[in-house]
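So the chains spell out like this:
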Amino acid sequence: MTSLRDRLLRRDPLRGPFLGIPSPVTVEIVAGARPDFVCIDTEHSPISDALLTDMIRAADVARVPALVRVRGKAPCHIAAALDAGASGVMIPHVSTADEAAAAVRAARYAPEGARGAGPGRAAGYLRDIPGYVARARAETVVAIQLETVQAVENAPDILAVPGIDLAFIGPGDLGVDLAAQGGSHTLEDLVNELIDAAARAKVPSGIFTADRAASVDWFRRLSFVIEGSDALLLTQASDTAFDALPG
Ligand code: 3PY
Ligand code: MG
């Protein structure tokens, strides 16, 4: 079967949601809609490592690849997601080439990195460590988030780090940082700079969008979109459902 990484690297248009509700039930419900992937968000959600494993298991049952946005850059967060069987990791707030190199080192096995080979779920609980290591070398997605003004300044150096599969732009944090720093650039300028830098480095780029219409627009310029989230879908559906009935 073609892996998510293969599809990403050949620039297939890929669209899926963030999942932040701490429940495998939500994963099953959303995965039933057949997104190209789901991205379980442990950066901004109360999802423990044990629950994360169950959420990845639910995505596996639905045969939808699960990426995990890890809660921080520390190698232990990256290892926890990958050892639980995630198809890849998204590392938030990468602003320098050194941080990008550290992320690749934690997520990839030698010789590209220094990830430890563990006996966890991904490796069939000891049944298939060599097989898993070979699959992981070929298929693990390493996505970094560029979402600070410093990341825009350092983008050429960051994206020259070998082993990065996706430059994912976080417009929310980038906008917050830009507003705090001031200056004459607009958010749009910075997003454009990041997309251009990724194109020059021949690294696929992606972005977060709020809805389908925005995704249609972005797919003209890039090939990977995280559209909304489980909570956003539920919020919108609830607000629509319980809007006051006509008089
Ligand atoms: C951001 O916008 O800051 C993100 O992390 C992705 O939505
Ligand atoms: Mg962010």
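Structure first, text after, so check above.
As a starting point, this report considers the structure included with it. Quantities reported herein were computed from a predicted structural model and do not represent experimental measurements.

Here we look at the overall build of the protein
The secondary structure content of the protein amounts to eleven helices and eight strands. What you see for the protein is a C-alpha radius of gyration of 18 Å, in line with the 18 Å of a compact globule of 247 residues. Dimensions of the protein, computed from the C-alpha atoms along their principal axes, are close to 65 × 45 × 30 Å. Here the protein, with 247 residues, has 48% of them falling under the buried criterion. Accessible surface, the protein: about 11,800 Å² in total, of which carbon and sulfur atoms supply 57%. For the protein, the distance from the average position of its 23 positive side-chain charges to the average position of its 31 negative side-chain charges is 9 Å.

Points about the site of ligand 1
Near ligand 1 the following residues occur: Arg69, Gln145, Glu147, Gly170, Pro171, Gly172, Asp173 and Phe208. In terms of residue count, helix α8 (residues 171-181) provides more of the shell around ligand 1 than any other element does, three residues in total. Counted by class, the shell around ligand 1 contains two nonpolar, three polar and three charged residues.

Some words on the side chain of Gln145
When you line up the elements, Gln145 lands in strand β5 (residues 141-146). Not counting residues within four places of it along the chain, the set of residues in contact with Gln145 comprises Glu43, Arg69, Met90, Ile91, Pro92, His93, Val94, Phe168 and Gly170.

Points about the pattern of salt bridges
The tally for this structure, following the rule as stated, stands at 14 salt bridges. Residue Arg57 is joined to Asp54 by a salt bridge in which the shortest nitrogen-to-oxygen separation is 2.4 Å. Placement of both Arg57 and Asp54 in helix α3 (residues 49-61) is noted, with a separation of three residues, approximately one turn of the helix. Judged by its relative accessible area of 32%, Arg57 is partly exposed. Given the relative accessible area of 33%, Asp54 is considered partly exposed. Each member of the salt-bridge network shares a partner with another, and the members are Arg7, Arg10, Asp12 and Asp36.

Notes on the coordination of the magnesium ion (ligand 2)
The protein atoms that coordinate the magnesium ion (ligand 2) are Glu147 (OE) and Asp173 (OD), at distances of 2.0 to 2.2 Å. A residue pair is termed long-range when its members are at least 10 positions apart, and Glu147 in the loop between β5 and α7 (149-159) and Asp173 in helix α8 qualify at 26 residues.

Here's the deal with the layout of surface pockets
Roughly 730 Å³ of volume is contained in the largest pocket. Every residue lining the largest pocket is counted, 24 residues in all, and those nearest its centre are Asp60, Pro65, Gly85, Ser87 and Glu139. When residues of the lining of the largest pocket are traced back to their parent elements, those giving at least two are α1 (4-9) and α6 (129-139). Among the elements that line the lining of the largest pocket, the one with the most residues is α6, at four residues. Each residue belonging to the lining of the largest pocket can be placed in one class, and the counts come to ten nonpolar, five polar and nine charged. Considering only enclosed or pocket space, the second largest pocket measures out at about 360 Å³ in volume. Every residue lining the second largest pocket is counted, 18 residues in all, and those nearest its centre are Arg15, Pro17, Pro35, Glu227 and Leu233. Listing elements by their share of the lining of the second largest pocket, those giving two or more residues are β1 (14-19), α2 (24-31), β8 (224-229) and α11 (230-241). Its residues assigned to classes, the lining of the second largest pocket shows eight nonpolar, four polar and six charged.

Points about the pairing of strand β2 (residues 38-41)
Across a regular strand the side chains alternate sides, sitting on one face of the sheet and then on the other. Side-chain alternation along β2 places Val38 and Ile40 on one buried face and Cys39 and Asp41 on a second face that is also buried. The pairing of β1 with β2 spans two bridges and is parallel. Each residue of the ladder has a partner; that of Leu19, found in β2, is Ile40. One crossover worth recording links β1 to the parallel β2 by way of α2, and it is right-handed. One ladder, built from four bridges, connects β2 with strand β3 (residues 66-69); its direction is parallel. In the sheet register, Ile40 faces β3, and the bridge partner there is Val68.

Cut-offs used in this document
Residues numbered from 1 in each chain as written. Chains lettered and ligands numbered in written order. Predicted model: local features only at pLDDT ≥ 70, side-chain atom pairs only at ≥ 80, totals over all residues. Heavy atoms only, no water. Helix = DSSP H or I, 4+ residues; strand = E, 2+ residues; numbered from the N terminus. Rg over C-alpha atoms; globule rule 2.2 N^0.38 Å. Buried < 20%, exposed > 50% of the residue type's maximum accessible area, 1.4 Å probe, protein only. Areas by Shrake-Rupley, 256 points an atom, 1.4 Å probe, with all protein chains shown as cover. Lys, Arg positive; Asp, Glu negative; His and termini not counted. Charge placed at Lys NZ, Arg CZ, Asp CG, Glu CD. Near = heavy atom within 4 Å. Nonpolar A, V, L, I, M, F, W, Y, C, P; charged D, E, K, R; others polar. Contact = heavy atoms within 4.5 Å. Salt bridge = Lys/Arg side-chain N within 4 Å of Asp/Glu carboxyl O. Donors = N, O, S within 2.8 Å, 3.2 Å for Na, K, Ca; no water. 1 Å grid on protein atoms, 1.4 Å probe; cavity = no way out; pocket = protein on both sides within 12 Å on 5 of 7 lines; lining within 4 Å. Points joined across faces, edges and corners; volume = space filled by probe spheres on them. Pairing = 2+ DSSP bridges. Right-handed = clockwise from strand over helix to strand, strands pointing away.

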